[in-house]
Amino acid sequence: MTTTTGESRVVIVTAAGKGMGEAIARRLHADGLRLGLMSNSGGAERLGKELGSVALTGSVAEPDDLGSLVEATLEAYGRLDGVVNNTGHAPKGELLEISDEDWHQGLDLMLLNVVNMARLVTPHLKDGGSIVNISTFAAFEPDPGFPVSASLRAALGAFTKLYSDRYAADGVRMNNVLPGFIDSYDAKEESVARIPMGRVGKVAEIADTVAFLLSDGAGYITGQNIRVDGGITRSV
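Summarised in this report is the structure supplied together with it. (Residues numbered from 1 in each chain as written. Predicted model: local features only at pLDDT ≥ 70, side-chain atom pairs only at ≥ 80, totals over all residues. Heavy atoms only, no water.)

### Looking at helix H1 (residues 19–30)
Since the α-helix turns once every 3.6 residues, residues separated by three or four places project in the same direction.
Link 1 in the chain: Helix length check: H1, at twelve residues, gives a terminal C-alpha distance of 17 Å against a target of 16 Å (1.5 Å per residue), a fit within 8%.
Link 2 in the chain: Those residues of H1 not exposed but buried are Met20, Gly21, Ala23, Ile24, Ala25 and Leu28.
Link 3 in the chain: Just past H1, the residue glycine 32 takes up positive phi, approximately 95°. (Helix = DSSP H or I, 4+ residues; strand = E, 2+ residues; numbered from the N terminus. Expected span 1.5 Å × (residues − 1). Buried < 20%, exposed > 50% of the residue type's maximum accessible area, 1.4 Å probe, protein only.)

### Quick word on the pairing of strand S6 (residues 173–179)
Link 1 in the chain: S6 sits mainly inside the fold: seven of its seven residues count as buried.
Link 2 in the chain: As paired elements, S6 and strand S7 (residues 225–228) share four bridges and run parallel to each other. Across the sheet, the residue bridging to valine 177 is isoleucine 226, located in S7. (Pairing = 2+ DSSP bridges.)

### Notes on the pairing of strand S1 (residues 10–14)
Link 1 in the chain: Across the five residues of S1, five count as buried, placing the element largely inside the fold.
Link 2 in the chain: On S1, burial covers both faces: Val10, Ile12 and Thr14 on one face and Val11 and Val13 on the other are all buried.
Link 3 in the chain: As paired elements, S1 and strand S2 (residues 34–39) share five bridges and run parallel to each other. From the neighbouring strand, threonine 14 faces S2, where its bridge partner is methionine 38.
Link 4 in the chain: Viewed along the sheet, the connection from S1 through H1 into S2 turns out right-handed.
Link 5 in the chain: Two elements, S1 and strand S4 (residues 80–85), share three bridges in a ladder whose sense is parallel. Bridging from a neighbouring strand, isoleucine 12 pairs with valine 83 of S4. (Right-handed = clockwise from strand over helix to strand, strands pointing away.)

### A closer look at the packing of helix H4 (residues 100–110) against helix H6 (residues 147–167)
Link 1 in the chain: Interhelical geometry of H4 versus H6 gives an angle of 45° and a closest axis separation of 10 Å. When the interaxial angle is binned, H4 and H6 end up oblique. Note that H4 runs across H6; the crossing there is right-handed. Listed contacts from H6 to Asp102, Trp103, Gly106, Leu107 and Met110 of H4 are Pro147, Val148, Ser149, Ser151, Leu152, Arg153 and Leu156.
Link 2 in the chain: Broken down by class, the residue content of the contact of H4 with H6 amounts to seven nonpolar, three polar and two charged. (Axes fitted to C-alpha atoms, helices over the stretch in contact; angles between N-to-C directions. Parallel < 35°, antiparallel > 145°, perpendicular 65-115°, else oblique. Left-handed = near helix turned anticlockwise from the far one by under 90°. Contact = heavy atoms within 4.5 Å. Nonpolar A, V, L, I, M, F, W, Y, C, P; charged D, E, K, R; others polar.)

### Here's the deal with the packing of H1 against helix H2 (residues 43–51)
The packing of two helices is summarised by the inter-axis angle and the distance between the axes.
Link 1 in the chain: Relative orientation of the contacting elements H1 and H2 amounts to 15°, with a least axis distance of 11 Å. Relative to H2, the element H1 lies roughly parallel. Judged by the twist between their axes, the crossing of H1 over H2 is right-handed. Here Glu22, Ala25, Arg26 and His29 of H1 come into contact with H2, specifically with Leu47, Glu50 and Leu51.
Link 2 in the chain: The residue makeup of the contact of H1 with H2, split by class, is three nonpolar, one polar and three charged.

### With respect to the packing of aromatic side chains
Link 1 in the chain: Scanning the entire structure with this criterion turns up five aromatic pairs.
Link 2 in the chain: Centre to centre, the rings of phenylalanine 159 and tyrosine 163 are 6.2 Å apart; their planes meet at 35°, and the pair counts as tilted. Taken together, the residues span about one helical turn, with phenylalanine 159 and tyrosine 163 both in helix H6 at a distance of four residues.
Link 3 in the chain: Tyrosine 163 sits in the buried class, given a relative accessible area of 5%.
Link 4 in the chain: Three or more aromatic residues joined by ring pairs make a cluster, and in this case those are Phe137, Phe146 and Phe181.
Link 5 in the chain: Note that arginine 166 overlies the ring of tyrosine 167, its terminal NZ or CZ placed 4.5 Å from the centroid. (Phe/Tyr/Trp six-rings, centres within 6.5 Å; stacked < 30°, edge-to-face > 60°. Lys NZ or Arg CZ within 6 Å of the ring centre and 35° of its normal.)

Pasting the structure below:
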């Protein structure tokens, strides 16, 4: 994935210290992209040293941290071509027992992180720029096991469509990837039993999908919610 001048593209990946975020970063690096990485645990900085990438420790829920990441990436590479908005897990609990604090935490982690990042990067994305948000299979078939995530990522779907329509003429795309149960964490036996393919997904499968959505091969795809869930969602 290179530009017409032969200079490799630059992509930011958040929550890149482990799991899906790390797998995405490693796949993009293998494809020859230059990266700006961040996580809240220090894992992104360790990965950045290994890959020779810009890397910071910070939270996607803190606009100043996002700003620092964008600034450091632009300073290092002089350009920006894409973003992968990945994040941690939302609070869980019995629906009406979830506190306002937990709802607000989820809002910061799963919706405002994307809004704030879009504010920062949209002026810098060139024609062909792509933003990919990691969402959840439960965004449009709400699962009681993930009440905050399902609610706020349904809102993310609406924001993504609004954004993609607004900036399509500028050559900037935004799509969501909706993972099912993935091997970055242990899935319960009853959860696996719900999956038509009979297994959890692999982080590499999520990374492959993200790499495609960032590529020129997906240049006519925008405003979409791509399920990578082994068939667990039932709607068509």
